[in-house]
Amino acid sequence: MERKWWHKKVAYQIYPKSFYDTNGDGIGDLPGIIEKLDELKALGIDIIWLSPVYASPLADQGYDISDYRNIDPRFGTMDDMDRLLAEAKKRDMYIVMDLVVNHCSDEHEWFRRACEDPDGKYGKYFYIETVKDGKFPCNWRSYFGGPVWEKLPGHEDKYYLHVFHKKQPDLNWENPEVREEIYDMVNWWLDKGLAGFRIDAIINIKKALPFKDYPADRPDGLTSIGNMLRDAKGVGEFLGELRDRCFAPHEAFTVGEVFNEKAEEIPDFIGDSGYFSTMFDFAPTVFGQSGKGWHENADITPDEYRDCVFNTQKKIGEIGFISNIIENHDEPRGVSRYIPDGDQCEDSKKTLATGYFFLKGLPWIYQGQEIGMENKKFTSIEEVDDISSLDAYKVALADGVTEERALYALGKLSRDNARTPYQWDDTVNAGFGTGMPWLPVNPNYTEINLAAQKADPDSVYNYYKKLIALRKDPAYAETLVWGEMIPVRQDLHDIMAYYRKGENQTLLVVAAFGNENKVLPLPVKPKKILLSTLAGGKEPEFVETKDGWEAVLDGYLAFVAEL
Ligand code: TEU
Ligand code: CA
């Protein structure tokens, strides 16, 4: 694997709408991000991915773009964006935007023109089909519910394809003119000084054509898009072109939102000259998913979590550099998902943080993760904004479950869990801004907030700072960044342990879950403890046995040691 500058960095995702509001309209904005850059720098962040801030009706919170070359006034202006790029540069930080090109907004000029003249140039930018006798070209179910076909405004018999929301018409990547438009736009942003992109929903750009039905998998008679994706061949041709025309000449940093990749495709995606610099590991995210809907999803135990990420580590090996996360704007809070219900506390949060942070790959932190933000409790569907959650709720009720149970599933999985405003302090609305936030704050902000976390030397926040500092410590960085990852005693319940092995150094990472007392057998007693979750700088205990040593792991506890 070729070494790249970004391997040593730490990345952070900002969900701008919920980060920091400077003008009191209840919506986070670019000036808010600029104001908090020093805060992120102090934490140790280098690369920042912004969820979309382009012009958008915000039907899917900006993942529906109506103008790729403008900033939505609710987020600020292009001047603000240029200022953010300049301010980041001053601090040796890198800004990455979201590249949402599977679809645009139905309010994009291309789509408006397509509606005016479906047979003209812009009609060919989309998938528009004539529907006879009410039979759609295929029975695919959109990700947000219902058929992927929606009537083209102004036309009785014409329908357009949208694999996400009906306000997100799919762009036709088979059309070279569409690809040219996209490449132009991507290069325009990279020329401006953007470091790169997070590439949204990219697997969907290749459709299995011609359109056809797949066996229905729910009572609605429709079929999961996944069935079509398994049949769609050749996404690599588009991605290779995107790399060659845009990313490679700019040496852009890119991270793909890639689901369902096959093992043999990994080198194509993130090998030395892959389509992307890196891609997210979603193995623990998709674990337990049910085809029937969120209400049927299974929880994940710490052992299953460990096995998922270890499996990815093995699959990736030396091929490339994966990106590790515990949450993002589409997922519940990691501490609420991977730590069993009721066990959420400072120790368990630090334990989970240690376990994922030193896996081989690029560690990402999602806003609020560093202060231990948790899922929101929803008491009524009225409190939910996200379109995907509203659909999941409908699906659950249609499947015959009670409202209570449907709401319970949202509490576990709703995308709004991670979208509540950032908790800066314990003042009204968590110090997010002076206006009423677009989404209610999590009421736990009086306890969980940045100001309180900063004041406590043993807080999750101060622990994250140590995690980042350790990964960058010149004495250990070589090993923690590029060293081999070797699982340790994967058979032990509630223990996630691994070595990071460098040329002249072996580090041990241990994360023990659960409240029970456990031990981890070790061949030797570690030479030096580099970091531990124990308060007040206390070190974990090791006892000698007849075969070697044992680390004493009482309750939630994690440490990193040099062997
Ligand atoms: O998500 C793509 C994706 O695959 C979704 O199915 C996601 O897992 C789902 O929404 C969870 O409920 C990306 C973005 O991250 C997401 O926010 C957007 O809604 C989506 O693309 C459409 O642009
Ligand atoms: Ca604002």
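For the structure, check the block above.
Residues numbered from 1 in each chain as written. Chains lettered and ligands numbered in written order. Predicted model: local features only at pLDDT ≥ 70, side-chain atom pairs only at ≥ 80, totals over all residues. Heavy atoms only, no water.

Caption draft 1: Geometry of the packing of aromatic side chains. The final tally for this structure, using the stated rule, is 38 aromatic pairs. Taken together, a centroid distance of 5.6 Å and an interplanar angle of 70° make the contact between Tyr20 and Trp424 edge-to-face. Pair noted here: Tyr20 is in the loop between strand 1 (11–14) and helix 1 (30–35) and Trp424 is in the loop between helix 14 (403–413) and helix 15 (450–455), with a separation of 404 residues, a long-range link. Of the residues examined, Trp424 reaches a relative accessible area of 7% and is grouped as buried. With 6.2 Å between their ring centres and 35° between their planes, Phe269 and Phe276 make a pair best called tilted. Overall, Phe269 belongs to the buried group, its relative accessible area being 3%. (Phe/Tyr/Trp six-rings, centres within 6.5 Å; stacked < 30°, edge-to-face > 60°. Helix = DSSP H or I, 4+ residues; strand = E, 2+ residues; numbered from the N terminus. Buried < 20%, exposed > 50% of the residue type's maximum accessible area, 1.4 Å probe, protein only.)

Caption draft 2: Inspection of the sheet that holds strand 6 (residues 128–130) at higher detail. Taken in spatial order, the three strands make up an open sheet running 6-9-8, and their pairing is antiparallel. One side of each edge strand has no neighbouring strand; the edge strands of this open sheet are strand 6 and strand 8 (149–151). For this sheet, the mean inter-axis angle between neighbouring strands, taken without regard to orientation, is 40°. With three bridges connecting them, strand 6 and strand 9 (residues 158–161) associate as antiparallel partners. Pairing of Ile128 across the sheet is with Tyr160, part of strand 9. (Pairing = 2+ DSSP bridges. Axes fitted to C-alpha atoms, helices over the stretch in contact; angles between N-to-C directions.)

Caption draft 3: View of the nonpolar core. Formed by 160 residues in total, the largest nonpolar core has its most connected members in Ile45, Met81, Val186, Trp189, Phe197, Phe247 and Phe358. Other than its neighbours up to four places away in sequence, Phe197 contacts Tyr54, Val96, Met97, Asp98, Leu99, Val186, Trp189, Leu190, Phe247, Phe253, Thr254 and Val255. By size, the runner-up hydrophobic cluster in this structure holds 18 residues, among which are Val510, Ala512, Leu520 and Leu522. (Core = buried A, V, L, I, M, F, W, Y, C linked by side-chain atoms within 4.5 Å. Contact = heavy atoms within 4.5 Å.)

Caption draft 4: Structural context of the state of the cysteines. Enumeration according to the criterion identifies zero disulfides in this entry. Residue Cys104 stays outside any disulfide, its sulfur separated by 10 Å from that of Cys115, the closest cysteine. Its relative accessible area of 0% is what places Cys104 among the buried residues. Note on Cys246: no disulfide assigned, nearest cysteine sulfur contributed by Cys104 at a separation of 17 Å. (Disulfide = S-S within 2.5 Å.)

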